[in-house]
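What follows is each chain in one-letter form.
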Amino acid sequence: MIKITKEAPRDRFGKVLVELAAKNRDVIAMDCDLGRSTRSYQINQVDKERFLEMGIAEQNMISTAAGLAHEGKIVFVNSFAVFLTGRGFDQIRQQLALPKMNVKICGSSAGITQGCDGATHQSVVDVALMRALPNMTVIVPADGPQTEAAVKYAYSYNGPVYLRLSRYEIENVFPENSNENLLDVQEIKEGGETAIISCGPVLRNALGAAEKLDKKGILTGVVNVPVIKPLDRDAIIKAALKYRALFVVEEHSMYGGLSSAVAEVLAEIKDSPKAWMKSLGLKDRFGESGTAEELLKEHCLDPEGIVKEIVIALEAE
């Protein structure tokens, strides 16, 4: 029996960063006064000279990272997702995405589960910002093992990558040392005519909701999509041809994230029956102060809220 543990993706990120730094002297971590929270400071265990504290200056950090990448370094830049993608957007666009610099943008404490710091510190449009940039890869891991796979992929990939990392501790969904590629789209639960498509830590809530829906006689599948860009379009089309109703659950605005990516694919399916889709992301709202659990409930992203939203939508069909 697989042991189920609770873990925050940011914690696994720190562990893997240390491993990568230990085997490659070109790995560098940079942060903007949040190194302990993002876990990037842990690279100090290997080499203190490869942790660069930049102060509260995200734009300067991105520009410096671009220069280091130009000299052959593999740079992991870190801060809260809301600050890194918001304050640093122009530099990310001009100095990382456009020239395809080998910098890994690690947006920590992402989404509303960032918690009590409130709307100013909660990123709800970061995936939309990064997904819109040409040459940018966007990955939203759900748990510890998937985070490890994402960080290792980012390390091996020559180009800019946005990693959306959560501080929310939740039970791991995927087993350790899996033989499967954990970044592939996976149907982790089969259903009848209804399926939930999800990414990030709320994937666990999507699974909980599917189990509750099964008990109501609504057999519900769950499809995990960790790589938002480049999106596996064939996998989305496969789900759309298998299921009649698709519900996209994400800890992000309903605009510009996974919901939009899936909708874009569905809109292009021709000459075949296709599913209808509903977004269960944040409904054009900012976050607010509260515990992670309180905010997930407020935005109907806890299992009970997801069930309620799906039942209402199916009944109105």
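Keep in mind that what you see is a predicted model, and the values were worked out from it rather than measured. (Residues numbered from 1 in each chain as written. Predicted model: local features only at pLDDT ≥ 70, side-chain atom pairs only at ≥ 80, totals over all residues. Heavy atoms only, no water.)

### Some details on a negative patch on the surface
At step 1: Where like charges cluster on the molecular surface, the negative patch consists of Glu180, Asp184, Asp232 and Asp234.
At step 2: Within the fold, Asp234 resides in helix 9 (residues 233–242).
At step 3: Take Asp234: its relative accessible area is 61%, and that puts it in the exposed class. (Patch = residues over 30% accessible without salt bridge, like charges linked within 9 Å, V, L, I, M, F, W, Y side chains within 5 Å. Areas by Shrake-Rupley, 256 points an atom, 1.4 Å probe, with all protein chains shown as cover. Salt bridge = Lys/Arg side-chain N within 4 Å of Asp/Glu carboxyl O. Lys, Arg positive; Asp, Glu negative; His and termini not counted. Charge placed at Lys NZ, Arg CZ, Asp CG, Glu CD. Helix = DSSP H or I, 4+ residues; strand = E, 2+ residues; numbered from the N terminus. Buried < 20%, exposed > 50% of the residue type's maximum accessible area, 1.4 Å probe, protein only.)

### A word on the environment of Lys100
At step 1: Summarising the element assignment, Lys100 is placed in the loop between helix 5 (89–97) and strand 5 (103–108).
At step 2: For Lys100, the contacting residues outside a window of four places in its chain are Asn135, Gly159 and Pro160. (Contact = heavy atoms within 4.5 Å.)

### Examining helix 12 (residues 303–315)
At step 1: Its 13 residues place the ends of helix 12 18 Å apart at the C-alpha level, agreeing with the 18 Å of an ideal helix rising 1.5 Å per residue.
At step 2: Those residues of helix 12 hidden inside the fold are in contact with strand 10 (194–198), helix 8 (203–215), strand 13 (245–249) and strand 14 (276–279). (Expected span 1.5 Å × (residues − 1).)

### Some details on the sheet that holds strand 4 (residues 74–80)
At step 1: One open sheet accounts for 7 strands, arranged 3-2-4-5-7-6-12; its pairing is mixed. A strand with exactly one partner marks an edge of an open sheet, and here the two such strands are strand 3 (51–53) and strand 12 (227–229). On average, adjacent strands in this sheet sit at an angle of 20° to one another, irrespective of strand direction.
At step 2: Across 3 bridges, strand 6 (residues 137–139) lies against strand 7 (residues 161–164) in parallel orientation. (Pairing = 2+ DSSP bridges. Axes fitted to C-alpha atoms, helices over the stretch in contact; angles between N-to-C directions.)

### A few points about the pairing of strand 13
At step 1: Burial analysis of strand 13 places 5 of its 5 residues in the buried class, the great majority of the element.
At step 2: Burial along strand 13 is two-sided: Ala245, Phe247 and Val249 facing one way and Leu246 and Val248 facing the other are all buried.
At step 3: Pairing geometry for strand 10 and strand 13, over 5 bridges, is parallel. Bridging across to strand 13, Ala195 finds its partner in Leu246.
At step 4: When strand 13 meets strand 14, the two strands line up parallel, connected through 4 bridges.

### Here we look at the packing of helix 1 (residues 9–23) against helix 7 (residues 144–156)
At step 1: Viewed as axis vectors pointing N to C, helix 1 and helix 7 meet at an angle of 40°, and their least axial separation amounts to 9 Å. In terms of their interaxial angle, helix 1 and helix 7 are classed as oblique. Seen from above, helix 1 lies across helix 7 with right-handed handedness. Residues Pro9, Arg12, Phe13, Val16, Glu19, Leu20 and Lys23 of helix 1 pack against Gly144, Pro145, Thr147, Glu148, Val151, Lys152 and Tyr155 of helix 7.
At step 2: In terms of residue class, the contact of helix 1 with helix 7 is made up of 7 nonpolar, 2 polar and 5 charged. (Parallel < 35°, antiparallel > 145°, perpendicular 65-115°, else oblique. Left-handed = near helix turned anticlockwise from the far one by under 90°. Nonpolar A, V, L, I, M, F, W, Y, C, P; charged D, E, K, R; others polar.)

### Regarding helix 8
At step 1: Along its 13 residues, helix 8 runs 19 Å from first to last C-alpha, staying within 8% of the 18 Å computed at 1.5 Å per residue.
At step 2: Considered for burial, the residues of helix 8 that qualify are Leu203, Asn205, Ala206, Leu207, Gly208, Ala209, Ala210 and Leu213.
At step 3: Summarising the contacts, the buried residues of helix 8 are in contact with strand 8 (170–171), strand 9 (186–189), strand 10, strand 11 (220–224), helix 11 (292–298) and helix 12.
At step 4: Positive backbone phi, approximately 90°, marks Gly217, located one or two places after helix 8.

### Side note on the packing of aromatic side chains
At step 1: Applying the stated criterion across every chain, the model contains 4 aromatic pairs.
At step 2: Relative to Phe83, the ring of Phe80 has its centre 6.0 Å away and its plane inclined at 10°; by these criteria the two rings are stacked. Each member of the pair, Phe80 together with Phe83, is buried.
At step 3: Against the face of Tyr41 rests Arg36, its NZ or CZ located 4.5 Å from the ring centre.
At step 4: Over the aromatic face of Phe83 sits the side chain of Arg87, whose NZ or CZ is 4.5 Å from the ring centroid. (Phe/Tyr/Trp six-rings, centres within 6.5 Å; stacked < 30°, edge-to-face > 60°. Lys NZ or Arg CZ within 6 Å of the ring centre and 35° of its normal.)

### Some thoughts on the pattern of salt bridges
At step 1: One pass over the structure, following the stated rule, counts 21 salt bridges.
At step 2: Between Arg12 and Glu7 there is a salt bridge, with the nearest N and O atoms lying 2.8 Å from each other.
At step 3: Assessed through its relative accessible area of 6%, Arg12 is described here as buried.
At step 4: With its nearest N and O atoms 2.9 Å apart, the salt bridge here joins Glu190 to Lys242. Of this pair, Glu190 sits in the loop between strand 9 and strand 10 while Lys242 sits in helix 9, and the two are 52 residues apart along the sequence.
At step 5: Residue classification places Lys242 among the partly exposed residues on the basis of a relative accessible area of 36%.
At step 6: Salt bridges here are not isolated pairs; linked through shared partners, they connect Glu7, Arg12, Glu148, Lys152 and Glu176.

### Remarks on the sheet that holds strand 10
At step 1: In space, the 5 strands of this open sheet follow the order 9-11-10-13-14, with mixed pairing throughout. Looking along the sheet, the strands with just one partner apiece sit at the ends: strand 9 and strand 14. Neighbour-to-neighbour, the strand axes of this sheet turn through a mean angle of 25°, independent of strand direction.
At step 2: Strand direction decides the pairing type here: strand 10 and strand 11, joined by 5 bridges, are parallel. Each residue of the ladder has a partner; that of Ile196, found in strand 11, is Val222.

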